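What follows is each chain in one-letter form.
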Amino acid sequence: MYVGEEWAGNVFGYSMQILMGTHTDTDHIHVHFAVNAYDMKGRHWIDNQKTLKECRDISDKLMRKYGLHVIKEPKRSGSITYTEWLARKNNTSWKQKLCDDIDRIVLMENVKNIADLAGQLISCGYEVRQGKYLSVKPAELKRSRAVRSFRLGDGYGLEELQYRIDNKNQEMSLDKILTYSGVQREYAICLRQMQISFYRCPEFCHSVTYSELRRTAELLCYVHENKIHTKQAFEDHVNRIAEKADAAAERYNEIVKRIKEKEFILEHGERYLELIHTQGGLMPKNISELASLRLLKDNNICSQEDLYKVSHDLELLKSELSPRQSEYEQAAANKKTVTAHYTTFIRQLETDYAHYCKMGKKELEEYEASLPKPEPVLDKRFVEACENIPQWAEKVNAKAAEKKHIREQEKTARRNRDSHCR
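Below is a short write-up of the structure.

Rules used throughout
Within each chain, residue numbers correspond to sequence positions counted from 1 in written order. Only residues with pLDDT of 70 or above have their local features reported here, since the model is predicted, and side-chain atom pairs are shown and tallied only from 80 upward, although totals for entire chains, interfaces and linings are computed over all residues. Based on all heavy atoms of the structure, the side-chain values leave hydrogens and waters out of the count. To qualify as a nonpolar core, a set must consist of buried Ala, Val, Leu, Ile, Met, Phe, Trp, Tyr and Cys residues joined through side-chain atoms within 4.5 Å. Buried, partly exposed and exposed residues are distinguished by accessible area as a fraction of the type maximum, computed with a 1.4 Å probe on protein chains only: under 20%, between the cut-offs, and over 50%, respectively. Numbering of helices and strands runs from the N terminus; a helix is a DSSP stretch of H or I covering at least four residues, while a strand is a stretch of E covering at least two. Should any heavy atoms of two residues lie within 4.5 Å, those residues are considered in contact. What goes into a patch is any residue over 30% in relative accessible area without a salt bridge, connected to like charges within 9 Å or, for nonpolar side chains (Val, Leu, Ile, Met, Phe, Trp, Tyr), within 5 Å. Reported accessibility uses the Shrake-Rupley method at a 1.4 Å probe radius. Residues are deemed covered only where the shown protein chains occlude them. Any carboxyl oxygen of Asp or Glu within 4 Å of a side-chain nitrogen of Lys or Arg constitutes a salt bridge here. Positive: Lys, Arg. Negative: Asp, Glu. His and the chain ends are not part of the count. For this purpose, a charge sits on NZ of Lys, CZ of Arg, CG of Asp or CD of Glu. What counts as a ring pair is set by centres within 6.5 Å for rings of Phe, Tyr and Trp (its six-membered ring), and what kind of pair is set by the plane angle: stacked under 30 degrees, edge-to-face over 60, tilted for all other angles. The pairing criterion for strands is at least two bridges between them, as found by DSSP. For helices, the fitted axis covers only the stretch in contact; all axes are lines through C-alpha atoms, and the angles between them, taken along N-to-C directions, range from 0 to 180 degrees.

1. Let's talk about the nonpolar core
Item 1. M172, I177, L220, F234 and F345 are the most contacted members of the largest nonpolar core, which totals 29 residues.
Item 2. Taken together, the elements giving at least two residues each to this core come down to α7 (174-177), α8 (183-200), α9 (210-225), α10 (231-276), α13 (304-349) and α14 (353-370).
Item 3. In contact with F345, not counting residues within four places along its chain, are V183, Y187, L219, K231 and F234.
Item 4. Core analysis: the second largest hydrophobic core is formed by 23 residues, C55, L62, Y252 and A332 among them.

2. Quick look at a positive patch on the surface
Item 1. Residues R129, K132, R145, R148 and R151 make up a contiguous surface patch of positive charge.
Item 2. If you trace the backbone, R148 turns up in strand β5 (residues 147-148).

3. Some words on the pattern of salt bridges
Item 1. For the structure shown, the criterion picks out 16 salt bridges.
Item 2. A salt bridge links R43 to D39, with the nearest nitrogen and oxygen atoms 2.8 Å apart.
Item 3. With a relative accessible area of 11%, D39 lands in the buried category.
Item 4. Of the charged contacts, one joins E289 and R271 as a salt bridge, the two residues approaching to 2.9 Å between their closest N and O atoms. Of this pair, E289 sits in helix α11 (residues 284-291) while R271 sits in helix α10, and the two are 18 residues apart along the sequence.
Item 5. Residue R271 is classed as partly exposed on the basis of its relative accessible area of 28%.
Item 6. Bridged by salt links that share partners, the residues K97, D101 and R104 form one connected network.

4. Focus on the packing of aromatic side chains
Item 1. Summed over the entire model, instances satisfying the criterion amount to 9 aromatic pairs.
Item 2. Judged by centre distance (5.8 Å) and plane angle (85 degrees), the ring pair of W7 and F12 falls under edge-to-face.
Item 3. On the accessibility criterion, F12 (12% relative accessible area) is buried.
Item 4. Plain terms: the ring middles of Y252 and Y328 are 5.1 Å apart, the flat faces sit at 5 degrees to each other, and that makes the pair stacked.

5. Quick notes on the sheet that holds strand β4 (residues 134-138)
Item 1. Ordered in space as β3-β4-β5, the 3 strands form an open sheet in which the pairing is antiparallel. Whereas interior strands pair on both sides, the edge strands pair on one side only; in this sheet they are β3 (126-130) and β5.
Item 2. As paired strands, β4 and β5 are joined by 2 bridges and run antiparallel to one another. When the bridges of β5 are listed, V136 appears paired with V147.
Item 3. Taken strand by strand, helix α4 (residues 94-105) contacts β3, β4 and β5, and its axis lies near 120 degrees from that of β4.

6. So, unusual backbone geometry
Item 1. At K227, a residue that is not glycine, the phi angle is positive and equals roughly 55 degrees.
Item 2. Mapping K227 onto the fold places it in the loop between α9 and α10.

7. Examining the pairing of β4
Item 1. With respect to burial, β4 is a largely interior element, 5 of its 5 residues being buried.
Item 2. Burial of the side chains of β4 extends over both faces: L134, V136 and P138 are buried on one face and S135 and K137 on the other.
Item 3. Pairing geometry for β3 and β4, over 5 bridges, is antiparallel. Looking at the pairing, E127 lines up with K137 of β4.

Interpretation in functional terms is not warranted from these geometric data alone.
This is how it looks when you write it as structure tokens:
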């Protein structure tokens, strides 16, 4: 929070009313600011692209100062505005109709690329500009601004649209599904059935979206890469990741807390030493001030040497902060990823998972039964060993006969010696 206070002071100055709220109950600790746009002298703070850039530059500078992570390439947001969300909810959004038209057009056989898609949109009554982005708007809405396709949501960027066009007649093969086992195979079966519904029968498929297909494919890759074959194994994996993230957050928060304590001690150290070394009695206000500095007493601050030691400890803690933050951010990202996958997994188990599995398993069983049974391939050394068995048997028998002959000779020799002795 102290970084947020410094940022607010650098951005807005210290004559504006600012309310701060720090969220520590999520994997991503962050601060919200509510700012009165007018300062105490009535001057107005301007919110535009220039000041937004200044806000980011100051934030980056503070992150580097404290050894924290700096976002070098911020992701472009494809989220919709509240007004658009409300229009879609009330079925009055032309952007939603545009999404529906794009979904229908990409599945047409004669649409092979983005240029074909743009041509079909024009024939449907849209104005289209194609360049770095695909910008579209209804021709009859003269005053409306065109929308760039990626702002329509997931699956509508240029690369995503081209991928949808290229793969509209493709689904996971049955041969590929046979390479999986356990819950991975079931999920591969579901993915194939969802692809068939989405690519071939869109008029009967209202629950499957591009986003759902993508999430399902990503989930299959995730469980395969992490060798997850059962639901219980998935739950255990989620719990392990969550425990690691919680432990990393605890270590990071502990360092942040200790840094704040050391900074507080250094900030008030001189005054504290002055108070405790005051000759004679303290005034009531000084006693109250001394009580507010109890942290320094708890840390046994008695001299300048103690403050030097605190300063040295603070530098060590700050050097540990960056790796701890990286560890925490990575663990939080892993937790966020596995939570998203597990949420998809549970939601699909509760909806169409069983239906897709039943359809897909029947198809897979029929396909597997139709495959030619491969003839057993014998190891070359095993074949050679079988061919040599008669020769080995003959040698063994000859050896046994030789040993028997030697025993008989020895027996005869003993009898001859016994007869001579008598």
